[in-house]
Amino acid sequence: MIEGLAAIYIFMLAGFTGYEIISKVPVILHTPLMSGSNFVHGIVLVGAMVALGIAETTAEQVIGFIAVLLGAGNAVGGYVVTERMLEMFRPSEKKTEGEGS
Amino acid sequence: METLIQAAYLIAAALFILGLKQMSSPVTARRGILWAGAGMVLATLATFLSPQIIESDQVSINIMLIIIAIALGGGYAWYSGKKVAMTDMPQMIAMYNGMGGGAAAAIAAVELLKASNEAAHDVTGSSTVADMLGADVAILGILGAIIGTISFSGSIIAWAKLDGRLNRSKLLPAQHIVNALLAIVTVGFAGAIYFTNSIDTIIVFYLLALVLGIFITVPVGGADMPVIISLFNALTGLAVGFEGYVLGNAAMIIAGIVVGSAGSLLTQLMAKAMNRSVANVFFAGVGTDAAATSGDGSEGVMKEIQAQDAGILMSFASQVVIIPGYGMAVAQAQHKIWELTQILTEKGVSVKFAIHPVAGRMPGHMNVLLAEAGVPYDMIYDMEDINADFKNTTVALVIGANDVVNPSAKSDSSSPLFGMPILDAIDSDNVIVIKRGRGTGFSGVENPLFFADNTKMLFGDGQKAANELIQAAKEL
């Protein structure tokens, strides 16, 4: 489905996209952003589901099961901690103090 | 159906990119994670309809196994993620990241086992894994397997070290040479998988890669851990992208590679903020023990101040800059400090927080801890933005921080800290340092700031001292 040159284009464009997204991020957000990108590669869960879905032998099923287990942990855990951190970021209630960043 | 699934993956990939983009500004960050989360749910649900899964011979068993695995893995992660204290966040991120790397490696294992099985039972009898998968899929699959496995075992070591479960920084003599040899052997076995159809080769390869991840991470010093975690995060992304190619899954390729490149950049930014290079972290990690021995005795005397007087001084200040360090978080004093800030603000004092890039255990970690206490992010300033402002500051309040305000990083070329950017607290009219005792900081280096003419020491536990300051300020 995705082969050869088309794949290389996707790799390249995705690489540039990632670089652009991060290039202007303030230090204040480094930890949540790392956690957020950690969550995004939790998409590995989808691949793990396919790997377990196509498993035929017991060995393949065991490894596939581990893959889904770990992938789900990555996705859910990454989401929960990122959301918890970002939920706490709030601006001042009084915006008229001239304290703005 | 296939089109629908592809459309769902496309939307998910777009939501991930937009979500990450929004996460790079504090104003929209919250929305960003919600969008990315929606993308993840969409992609996961669509995958249940995937023809690869539905047309399998064992469809009912496998789907049941998938649901059980998601419930177990997701349930554990949900529970642990909700429960973890904000101070322990870095190791938790390392743990979840390791899981992702392990999942990518396991996907590769299933594909490689399948291919080697098919190759062994091929009519010719001499087919290889590469023949079965095609050269491109085989190469990227094996690469993803190495990277994912290293990220898996390395992240677990990083978690154990940050969680205080593992303290040693050396396993073997000449660790770096052993690591280099081990890396070469591992790559050799990776090549062997490609050219053979032996299952034993695959097993040995995975074991070697697991050990390699452990050996690489163990020598890294505690202070450098954030850089390693960030690097493993980028590597996991890369592994996920490669396995996405193996499975022909566009969402995995895009999300994985975006994280791989964003994570690489983030790793460099963090290393720069900490005045370290990425190579330095890996190959000179051991050096941190040796550097800590210097400490040429104290010059001058520390001048003590009572909380009462410090409270008065701060109440009549025009500007107070608070410099929190990890010590504040350990003493759980951030809530008290925020209370103090509110009292001072009511008295018309301008209060700002100054955050050094390495405050906390990871860049940005201190911001999270302050945010937890309720400090709004627009009161918090990065080092570059606040340093010029110390000249206009009546009181700089240093709590639980030490090395990040050590002026010898600027003036003394023999200091181990030399060259590290610092917060110029010493430029303010008065410096008040809340500190438990007279000892040195994390690096073991003596801090001349504590002996400076404009510095007064407020000895005591962070939380208790903050309480006394609140009382003193309230009474006025």
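Chains are numbered independently. Their residues run from 1 in the order of the written sequence. To label them, take the chains in the order written and letter them from A, then take the ligands in the order written and number them from 1. The predicted origin of the model limits local features to residues at a pLDDT of at least 70 and limits the giving and counting of side-chain atom pairs to 80 or more, whereas totals for whole chains, interfaces and linings rest on all residues. Hydrogens and water are ignored here; the side-chain numbers use all heavy atoms of the structure.

Caption draft 1: Molecular detail of the overall build of chain A. Each helix is a run of DSSP H or I of at least 4 residues and each strand a run of E of at least 2, with the numbering of both proceeding from the N terminus. Helix and strand counts for chain A come out as four helices and zero strands. Think of it in three bands: residues with accessible area under 20% of the maximum for their type are buried, residues over 50% are exposed, and the middle band is partly exposed, with areas taken using a 1.4 Å probe on protein chains only. Across the 101 residues in chain A, those meeting the buried criterion constitute 62%. The contact definition used throughout considers only heavy atoms, calling two residues in contact when any of these lie within 4.5 Å. Taking the contacts inside chain A whose residues are at least 6 apart along the sequence as the reference set, 66% of them involve residues at least 24 apart. Values of accessible area rely on a 1.4 Å probe in the Shrake-Rupley scheme; residue burial ignores everything except the protein chains shown. As presented, chain A carries roughly 3900 Å² of accessible surface, and 63% of it is formed by carbon and sulfur atoms.

Caption draft 2: Geometry of the pattern of salt bridges. Whenever a carboxyl oxygen of Asp or Glu lies within 4 Å of a side-chain nitrogen of Lys or Arg, that contact is scored as a salt bridge. By the definition in use, this model includes nine salt bridges over all chains. A salt bridge links Lys114(B) to Glu60(A); its shortest N-O distance comes to 3.3 Å. Here Lys114(B) is found in helix 5 (residues 89–120), whereas its partner Glu60(A) is found in helix 4 (residues 58–87) on a different chain. Residue classification places Lys114(B) among the buried positions, given a relative accessible area of 11%.

Caption draft 3: The arrangement of the interface of chain B and chain A in detail. The interface is formed by 111 residues belonging to chain B together with 84 residues belonging to chain A. For the purposes of these results, a polar contact is taken to be a pair of N or O atoms within 3.5 Å, where, inside protein, one atom must be able to donate a hydrogen and its partner to accept one; residues adjacent in sequence count only when each atom of the pair is a side-chain atom. Remark: the boundary between chain B and chain A carries 21 residue pairs in polar contact (both at pLDDT 80 or more). Here the side of chain B that touches chain A takes 18 residues from helix 5 of chain B, the largest share from any one element. Counted by class, the side of chain B that touches chain A contains 69 nonpolar, 31 polar and eleven charged residues. Note on residue categories: nonpolar means Ala, Val, Leu, Ile, Met, Phe, Trp, Tyr, Cys or Pro, charged means Asp, Glu, Lys or Arg, and polar means any other residue, Gly included.

Caption draft 4: Seen up close, the sheet that holds strand 1 (residues 319–324) of chain B. Residue and element names in this part refer to chain B. Note: two strands are recorded as paired if DSSP finds a minimum of 2 bridges between them. A sheet is described by the order of its strands in space; here six strands give the open sequence 3-2-1-4-5-6, paired in parallel fashion. The sheet terminates laterally at strand 3 (380–382) and strand 6 (455–459), the two strands that pair on one side only. Looking at each pair of strands side by side, their axes are set apart by 25° on average, direction ignored. In the sheet, strand 5 (residues 430–435) pairs with strand 6 via five bridges, with the strands oriented parallel. Its bridge partner being in strand 6, Ile-432 is matched across the sheet by Lys-456. What counts as an axis is a line fitted to C-alpha atoms, over the stretch in contact for a helix, and the angles between N-to-C directions run from 0 to 180 degrees. Its contacts with the sheet put helix 16 (residues 334–346) on strand 1, strand 2 (350–355) and strand 4 (395–399), and the angle it makes with strand 2 is roughly 145°. Packing against the sheet, helix 20 (residues 462–475) makes contact with strand 4, strand 5 and strand 6, and its axis sits at approximately 135° to strand 5.

Caption draft 5: Quick look at the side chain of Glu83(A). Take Glu83(A): it is sitting in helix 4. The residues touching Glu83(A), leaving out its near neighbours within four places in the chain, are Arg30(B) and Ile33(B).

Caption draft 6: Quick look at the nonpolar core. We define a nonpolar core as any set of buried Ala, Val, Leu, Ile, Met, Phe, Trp, Tyr and Cys residues linked to one another through side-chain atoms lying within 4.5 Å. In this structure, Ile43(A), Tyr206(B), Met314(B), Leu397(B) and Leu458(B) are the most contacted members of the largest nonpolar core, which totals 166 residues. Sorting elements by how many residues they give to this core places helix 5 of chain B first, with 18 residues. Discounting residues that sit within four places of it in the chain, Leu397(B) has contacts with Met314(B), Val321(B), Ile322(B), Ile323(B), Ile337(B), Leu340(B), Ile432(B), Ile434(B) and Leu469(B). One finds Ile323(B), Phe390(B), Ala425(B) and Leu449(B) within the second-largest nonpolar core, a separate group that totals 26 residues.

Caption draft 7: Spotlight on the packing of aromatic side chains. For Phe, Tyr and Trp, rings pair up if their centres lie within 6.5 Å, where Trp contributes its six-membered ring, and each pair is then called stacked (planes under 30 degrees apart), edge-to-face (over 60) or tilted (otherwise). Tallied over the full model, the rule gives five aromatic pairs over all chains. Aromatic rings pair up to connect Phe11(A), Phe242(B) and Tyr245(B) into one cluster. Lysine NZ or arginine CZ positioned within 6 Å of the ring centre and within 35 degrees of the ring normal marks a charge as sitting over the ring. Cation over ring: Lys352(B) sits above Tyr381(B), and NZ or CZ is 5.1 Å from the ring centre.

Caption draft 8: How the structure looks around the layout of surface pockets. Residues and elements named next belong to chain B. Of the two site types, the cavity is a set of points on a 1 Å grid over the protein atoms alone where a 1.4 Å probe fits but cannot get out, and the pocket is an open set with protein on both sides within 12 Å along at least five of seven lines, each lined by residues with an atom within 4 Å of a point. Grid points are joined across faces, edges and corners, and a volume is the space filled by probe spheres set on the points. Estimated volume of the second largest pocket: approximately 450 Å³. Where the lining of the second largest pocket is concerned, the elements lending two or more residues are helix 11 (250–273), strand 3 and helix 18 (383–386). Each residue belonging to the lining of the second largest pocket can be placed in one class, and the counts come to 13 nonpolar, four polar and six charged.

Caption draft 9: Local environment of the packing of helix 5 of chain B against helix 7 (residues 135–162) of chain B. All names here are of chain B. Relative to each other, helix 5 and helix 7 sit at 155°, their axes nearing to 7 Å. In terms of orientation, helix 5 lies roughly antiparallel with respect to helix 7. The two elements helix 5 and helix 7 meet at a crossing, and its hand is left-handed. Contacts between helix 5 and helix 7 involve Pro-90, Gln-91, Ala-94, Met-95, Asn-97, Gly-98, Gly-101, Gly-102, Ala-105, Ala-108 and Leu-112 from the former and Gly-141, Ile-142, Ala-145, Gly-148, Thr-149, Ser-151, Phe-152, Ser-155, Ala-158, Trp-159 and Leu-162 from the latter. Among the residues forming the contact of helix 5 with helix 7, the class breakdown is twelve nonpolar, ten polar and no charged. Comment on the angle field: the value is read as roughly parallel under 35 degrees, roughly antiparallel over 145, roughly perpendicular from 65 to 115, and oblique elsewhere. Here is the rule for handedness: rotate from the far helix to the near one, and if that takes an anticlockwise turn smaller than a right angle the crossing is left-handed, while a clockwise turn gives right-handed.

Caption draft 10: Region of the structure containing a nonpolar patch on the surface. Only residues whose relative accessible area exceeds 30% and that form no salt bridge enter a patch; like-charged residues are grouped when within 9 Å of one another, and nonpolar side chains (Val, Leu, Ile, Met, Phe, Trp, Tyr) when within 5 Å. Side chains of Leu5(A), Ile8(A), Tyr9(A), Met12(A), Leu13(A) and Phe16(A) sit close together on the surface and give an oily, nonpolar patch of about 670 Å² of accessible area. Tracing the sequence through the fold places Phe16(A) in helix 1 (residues 4–22).

Caption draft 11: Quick look at the confidence of the model for chain A. Residues and elements named next belong to chain A. The quantity known as pLDDT measures the predictor's confidence residue by residue, on a range of 0 to 100. For chain A, per-residue confidence averages 86 on the pLDDT scale, and residues scoring 70 or more make up 89% of the total. Least confident of the elements in chain A is helix 1, whose mean pLDDT is 89; most confident is helix 3 (residues 44–53), at 96. Taken together, the stretch residues 95–101 has pLDDT below 50 and engages in nine contacts with residues farther than four places along the chain or on a different chain.

Caption draft 12: Helix 14 (residues 307–315) of chain B, seen in detail. All names here are of chain B. For helix 14, the set of buried residues is Ala-307, Ala-310, Gly-311, Met-314 and Ser-315. Burial along helix 14 is one-sided: seen end-on, the buried residues are contained in an arc of 130°. Residues of helix 14 that are buried make contact with strand 1, helix 16, strand 4, strand 5, strand 6 and helix 20. Picture the helix axis, draw a direction to every C-beta atom, and the arc is the one those directions span.

Caption draft 13: Spotlight on helix 4 of chain A. Here, expected helix span is obtained from the residue count minus one, scaled by 1.5 Å. Over its 30 residues, helix 4 of chain A extends 43 Å from the first C-alpha to the last, a length consistent with the 44 Å expected when each residue adds 1.5 Å. Across the 30 residues that make up helix 4 of chain A, a large majority, 21, are buried.

Caption draft 14: Summary view of unusual backbone geometry. Residue and element names in this part refer to chain B. Unlike most non-glycine residues, Ala-174 shows phi in positive territory, near 55°. For Ala-174, the location among the structural elements is in the loop between helix 7 and helix 8 (175–195). The class of Ala-174 is partly exposed, set by a relative accessible area of 43%. Phi angles above zero are rare outside glycine, and Gln-332 is one such case at about 55°. For Gln-332, the location among the structural elements is in the loop between helix 15 (326–330) and helix 16.

Caption draft 15: Focus on the packing of helix 1 (residues 2–23) of chain B against helix 2 (residues 29–47) of chain B. All names here are of chain B. Direction vectors running N to C along helix 1 and helix 2 enclose 165°, while the axes themselves pass 7 Å from each other. On the basis of their axis angle, the class for helix 1 and helix 2 is roughly antiparallel. Crossing hand, helix 1 versus helix 2: left-handed.

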